Amino acid sequence: EIDAGQLRIFPDSRQVFVKDSPLTLTRKEFDLLIFFVSNPERVLTKESIAEHLWGDFADSSDSFDFVYSQIKNLRHKIFEKTGIDYFQNVYGAGYTFNLKSNS
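First, a word on what this report is: a plain description of the structure on this page. (Residues numbered from 1 in each chain as written. Predicted model: local features only at pLDDT ≥ 70, side-chain atom pairs only at ≥ 80, totals over all residues. Heavy atoms only, no water.)

### A short note on the overall build of the chain
So, point 1. Scanning the chain for helices and strands turns up three helices and six strands.
So, point 2. Mapped in sequence order, the helices and strands of the chain form the string β-β-β-β-α-α-α-β-β.
So, point 3. With 103 residues in all, the chain has 36% of them scored as buried.
So, point 4. A sequence separation of at least 24 residues applies to 45% of the contacts in the chain between residues at least 6 apart.
So, point 5. Of the roughly 6,200 Å² that the chain leaves accessible, carbon and sulfur atoms contribute 49%. (Helix = DSSP H or I, 4+ residues; strand = E, 2+ residues; numbered from the N terminus. Buried < 20%, exposed > 50% of the residue type's maximum accessible area, 1.4 Å probe, protein only. Contact = heavy atoms within 4.5 Å. Areas by Shrake-Rupley, 256 points an atom, 1.4 Å probe, with all protein chains shown as cover.)

Pasting the structure below:
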């Protein structure tokens, strides 16, 4: 079990809960959340996120719009349940998952 702010994550069963309420995520959204939680407060570039989620297929893409889309969807689902935006944009660099400013 991983506790990240108001999120309780169960990697083995691929489940996420906000308090006792389940949070329904796609496979990519879950993988993205685990990647961010495993690297708290580290700036993750869109390239590193794409590589983590799509492996070698990420290199064949001309744009990283799919990364923005996945982060936007995950961010929205978490914010809708918690009222907290754990994701911070780092202009020109990428994103961080920040628990401290949301405690």
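### Some words on helix α1 (residues 27-38)
So, point 1. For α1, built from 12 residues, the straight-helix expectation of 16 Å at 1.5 Å per residue is met to within 8% by its first-to-last C-alpha distance of 16 Å.
So, point 2. Regarding α1, the residues found buried are Glu29, Phe30, Leu32, Leu33, Phe35, Phe36 and Val37. (Expected span 1.5 Å × (residues − 1).)

### Examining the side chain of Thr82
So, point 1. Checked against the element boundaries, Thr82 lands in helix α3 (residues 65-82).
So, point 2. Separated by 2.8 Å, the side chain of Thr82 and the backbone oxygen of Ile78 make a polar contact.
So, point 3. A polar contact is formed between the side chain of Thr82 and the backbone nitrogen of Ile84, at a distance of 3.0 Å.
So, point 4. Discounting residues that sit within four places of it in the chain, Thr82 has contacts with Gln6, Leu7 and Val18. (Polar contact = N/O pair within 3.5 Å; in protein donor to acceptor, adjacent residues only side chain to side chain.)

### Quick notes on the packing of aromatic side chains
The relation between two aromatic rings is expressed through the spacing of the ring centres and the mutual angle of the planes.
So, point 1. A complete count under the given rule lists five aromatic pairs for this structure.
So, point 2. Their ring planes at 90° and their centres at 5.0 Å tell us that Phe36 and Phe87 sit as a pair that is edge-to-face. With Phe36 in helix α1 and Phe87 in strand β5 (residues 87-90), this pair connects stretches of sequence that are 51 residues apart. For the residue pair Phe36 and Phe87, the accessibility class agrees, reading buried in each case.
So, point 3. Ring geometry for Tyr86 and Phe97: centres 5.3 Å apart, planes at 25°, overall stacked. Within this pair, whereas Tyr86 is found in the loop between α3 and β5, its partner Phe97 is found in strand β6 (residues 94-97), the two being separated by 11 residues in sequence.
So, point 4. Taking relative accessible area as the criterion, Phe97 reaches 0% and is therefore assigned buried.
So, point 5. What links up through ring pairs into an aromatic cluster is the set Phe36, Tyr86, Phe87 and Phe97. (Phe/Tyr/Trp six-rings, centres within 6.5 Å; stacked < 30°, edge-to-face > 60°.)

### A word on the packing of α1 against helix α2 (residues 46-54)
So, point 1. In contact at an axis separation of 10 Å, α1 and α2 are set at 125° when each is read in the N-to-C sense. It follows that α1 is oblique to α2 by the angle criterion. Judged by the sense of rotation from one axis to the other, the crossing of α1 with α2 is right-handed. Listed contacts from α2 to Lys28, Asp31, Leu32, Phe35 and Phe36 of α1 are Ser48, Ile49, His52, Leu53 and Trp54.
So, point 2. The residue makeup of the contact of α1 with α2, split by class, is six nonpolar, two polar and two charged. (Axes fitted to C-alpha atoms, helices over the stretch in contact; angles between N-to-C directions. Parallel < 35°, antiparallel > 145°, perpendicular 65-115°, else oblique. Left-handed = near helix turned anticlockwise from the far one by under 90°. Nonpolar A, V, L, I, M, F, W, Y, C, P; charged D, E, K, R; others polar.)

Take it as geometry only, folks, not as evidence of what the structure does.
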